[in-house]
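Structural overview for review
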Amino acid sequence: MIAVVVLWPVVIMVRTAFQKISPDGFILGQAGWRNFVFLWQEPALPGILVRTSIWVLTVVVITMLIALAMAQLFNQEFPGRRVARWALIAPWAASVVMTAIVFRWSLNADNGIINVALHDLGLMPVYGTDAADWLGRPVVAFAWMMLVAIFVSVPFSTYALLAGLQAIPTETYEAARIDGAGAWRIYIAITLPLLRPAFIVALLINVMNVFNSFPIIWEMTRGGPGHQTSTTTTFMYQLKQSYIGESAAMSVVNFALVLLIVLVYLRATSVQGRAA
Amino acid sequence: MHTVRFRSLLLGTLTSCFLALSGAVAAQADTVLTLVAADYGTGPADSSLKYWQTIADAFHAANPAITVKVQTVNWNDFDTKIQTMVQNRQYPDITEGDYFSNYAQEGLLFKAREVLSDPGNPMPVFTQLGSYDGAQYGIPFTTSSRALFYNKKLFAEAGIAGAPKTWDELMTDAGKIRALGHIGYGLPLGPEEAQAETLLWLLGNGGGYQAADGAWAINSAQNVETLQFMTKLVQTGDTEPNPGTKNRADLLAQFAHGQVGMLNGLTALLPIIKQAGVLTDNDWGTATIAGKAGPLEKTLGVCDFVAAFKGDGSKREAIKQFLDFAYQDKYQVAFAERYNLLPGTTSGAAAFAKVDPALVPFLSALPKAVQYPNAPAWAQIKTQIQQNIGTAIGPDPKSVLDAIQQAALKAN
């Protein structure tokens, strides 16, 4: 089962990366390392790699910070907590493609709801200008897409951390309080260390998810103009249209990066296992 | 529409259940043809699915042994969809939309004469475009030619007498319309159809994608100059912002809503204008597309083709029966009328000229129209242009054109 579902596609992917393939999928022979060389020579590649790092780091760090705060909040008793917890599921439960399309239309330069709101507040005097064209300017578009990525990543992370928080026995807190520790001290000395397993799981799943994220960028800008809002994942897809071998080479590089992340994860958890 | 689609879906499901059953009982199953067509409609109400389903149903009634399964794909995804099907070896039987000679080169297609009783009837002007290595594979189905559409109402408001003939006039006029708070010139350089808009500009300066001898000349001096002018136009603010991210469909809709002074359009814009209900017939006009020194002598003639995939070769007779049926004049005229395009056959055009004389000038422009390259590498180059030409609007158009030229040479 594992061999067929997991290993075989990997074998095919690696094999494809070393083949010369016509745009319509006909194998024309072996390519050696040529696909990797072509990939390396892509003028857009450096920008894409930098953008991918920024994408993963920014989205994951901000997501985890927000999730920590949200989990803490949702762990408290407050009126309407059940409703609030349900509401948080919405961005997670909704299809990411749908969320991305909603944001794309909300940011429409002429009548997007975000621009209309800004207009009504007097912040966006004229529609259809460069300033209103959020998704037309690569840097701004990329920032918006990171925001959407954070928006859809926060729920899962919050729930993962919330589960972790609830697993911490209340006696520990009581003992700390008896010892006279303040709220902040309790958080740093007790909550965070005990939350570590849940935090690491949430963090790594996020890193992989965000790294592989395709629908947000594809639906909002298609990685364009050119490749100026592409990450390695969307770039791989753009390459696939004409250069299958090179696209497979990009996949292999992506796969290697994810593998690296997993290894770091396994190492981190085993270190923790020994410590405990 | 939903009920129709639901019904046809239900019908399709029932049919396939029935087919499965009958296949189990008696070994003689029907021939099923898969037809994948580009969707020319603007929404569910005028989807091409309806057009093809009508033909498929009538055909099935006349030939109960053959069922045609119709699928439509929107234009943004059509090329990719077909290419993905080919890459995955899940060949459709018939496609209608863009045709690429690389499929002919790879031996995947039937020749036109193998699947059509009268291969001389589809417009001969486009035979060359649908040919590979001397044999015709792409069968012209529907055609169009490009023209400059302008909003007469905005032109009058801005005090402009008539449509611009040169680039400089176009820039001046666009500036006046911008001053009214509208988009002066709509420049769709987003991935949807950038290769058409770009070519229309290149033609205006005596350039193009290929030199006279057919060699790729994407980064020629004229072309660089053209892109420099377009950059100037964009930076002055005479177009919509960031044209590299704007698709044609969106700009056509904006034109129909009276927000764009002028853009290069095709007859398919007519129903969009009608549907929007903002501009009356007197509020807009068409003119020959402006060039650097004067209007284009030859416009871009575009032809969409039917192509028949071989698969295992067993369905040739069924495909031929269906195509002979679908290419009847009445269906050609119905299509042209539905989408305000022009027919793809000679007899269809003659029949259509009687029904809609207003479009005769567009028809007569076709024979001298410029066409896209028909080299097998065009599919790849077109993708490169669509993806990247938007970034040529900026400080360094030459390097972008150089990169596309490199990709073209690499593809050859």
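Quick notes on the rules
Residues numbered from 1 in each chain as written. Chains lettered and ligands numbered in written order. Predicted model: local features only at pLDDT ≥ 70, side-chain atom pairs only at ≥ 80, totals over all residues. Heavy atoms only, no water. Pairing = 2+ DSSP bridges. Helix = DSSP H or I, 4+ residues; strand = E, 2+ residues; numbered from the N terminus. Contact = heavy atoms within 4.5 Å. Axes fitted to C-alpha atoms, helices over the stretch in contact; angles between N-to-C directions. Buried < 20%, exposed > 50% of the residue type's maximum accessible area, 1.4 Å probe, protein only. Buried area = accessible area lost by both parts, 1.4 Å probe. Salt bridge = Lys/Arg side-chain N within 4 Å of Asp/Glu carboxyl O. Polar contact = N/O pair within 3.5 Å; in protein donor to acceptor, adjacent residues only side chain to side chain. Nonpolar A, V, L, I, M, F, W, Y, C, P; charged D, E, K, R; others polar. Domains from an automatic or database assignment.

Observations regarding the sheet that holds strand β1 (residues 31–39) of chain B
Residue and element names in this part refer to chain B. Strand order in this open sheet of six strands is β2-β1-β3-β11-β6-β12, and the pairing throughout is mixed. Looking at which strands have only one partner, the edges of the open sheet turn out to be β2 (66–74) and β12 (342–343). Sheet analysis places β1 next to β2, joined by nine bridges and oriented parallel. Bridge pairing in β2 links Val32 to Thr67. Against the sheet, helix α2 (residues 48–62) engages β1, β2, β3 (94–97) and β6 (139–145), with an angle of about 175° to β2. Its contacts with the sheet place helix α3 (residues 75–87) against β1, β2, β3 and β11 (301–308), and it is angled at close to 125° to β2.

Section: the pairing of β3(B)
All names here are of chain B. Of the two faces of β3, the one holding Ile94 and Glu96 and the one holding Thr95 and Gly97 are both buried throughout. For β1 and β3, the ladder comprises three bridges, and the chain directions are parallel. Opposite Leu35, over in β3, you have Ile94 as the bridge partner. Note: β3 against β11, four bridges, orientation antiparallel. Counted as the bridge partner of Thr95 is Ala307 from β11.

A look at the interface of chain B and chain A
Bring the parts together and some accessible area is lost; that lost area is often taken as the interface size. Of the residues lining the interface, 26 residues belong to chain B; the matching set on chain A comes to 27 residues. Summing both sides of the interface, chain B and chain A together bury roughly 2,300 Å²; the carbon and sulfur share of this comes to 44%. Here chain B and chain A share three salt bridges between them. A:Asp133 is the partner of B:Lys246 in a salt bridge, and the nearest nitrogen-oxygen pair spans 2.7 Å. Applying the counting rule to chain B against chain A returns 14 residue pairs in polar contact (both at pLDDT 80 or more). Among the secondary structure elements, those contributing two or more residues to the side of chain B that touches chain A are α3, α4 (101–105), α16 (378–388) and α17 (397–411) of chain B. Looking at the side of chain B that touches chain A, the element that brings in the most residues is α3(B), giving six residues. Partitioning the side of chain B that touches chain A into residue classes produces six nonpolar, 15 polar and five charged.

Description of the domain arrangement of chain B
Residue and element names in this part refer to chain B. If you check the domain split of chain B, you get domain 1 (2–144 + 302–368) and domain 2 (147–299 + 377–411). If you look at the interface, domain 1 gives 13 residues, while domain 2 gives 16 residues. Between domain 1 and domain 2, the buried area comes to about 1,200 Å², and carbon and sulfur atoms account for 59% of it. Broken down residue by residue, the surface that domain 1 buries against domain 2 is led by Asn340, Phe362 and Lys368, which jointly contribute 35%. On inspection of domain 1 and its partner domain 2, the count reaches two salt bridges. The partner of Lys382 in a salt bridge is Asp79, with the nearest N and O atoms 2.4 Å apart. Here the side of domain 1 that touches domain 2 is built from residues that sort into five nonpolar, five polar and three charged.

Let's talk about the sheet that holds strand β8 (residues 183–186) of chain B
The strands making up a sheet are joined through hydrogen bonds of the backbone, oriented either antiparallel or parallel. All names here are of chain B. Strand order across the open sheet formed by four strands is β8-β9-β7-β10, with mixed pairing between neighbours. Sheet topology places β8 and β10 (284–287) at the edges, where each strand pairs with a single neighbour. Averaged over all neighbouring strand pairs, the angle between strand axes comes to 15°, with direction disregarded.

Looking at the pattern of salt bridges
Evaluated as defined, the whole model comprises 15 salt bridges over all chains. We note a salt bridge from A:Arg104 to A:Glu219, for which the minimum N-O separation is 3.4 Å. Linking A:Arg104 in helix α5 (residues 96–106) with A:Glu219 in helix α10 (residues 215–220), this pair joins segments that are 115 residues apart in sequence. A residue is classified by how much of its surface remains accessible, and A:Arg104, at 27% relative accessible area, is partly exposed. The class of A:Glu219 is buried, set by a relative accessible area of 19%. Note that B:Glu193 and B:Arg248 form a salt bridge whose closest N and O atoms lie 3.4 Å from each other. In this pair, B:Glu193 sits in the loop between β8 and α8 (194–203) while B:Arg248 sits in helix α10 (residues 248–256), placing the two residues 55 residues apart along the sequence. Judged by its relative accessible area of 16%, B:Glu193 is buried. Residue B:Arg248 is classed as buried on the basis of its relative accessible area, which comes to 14%. The network of salt bridges with shared partners includes B:Arg146, B:Glu192, B:Glu193 and B:Arg248.

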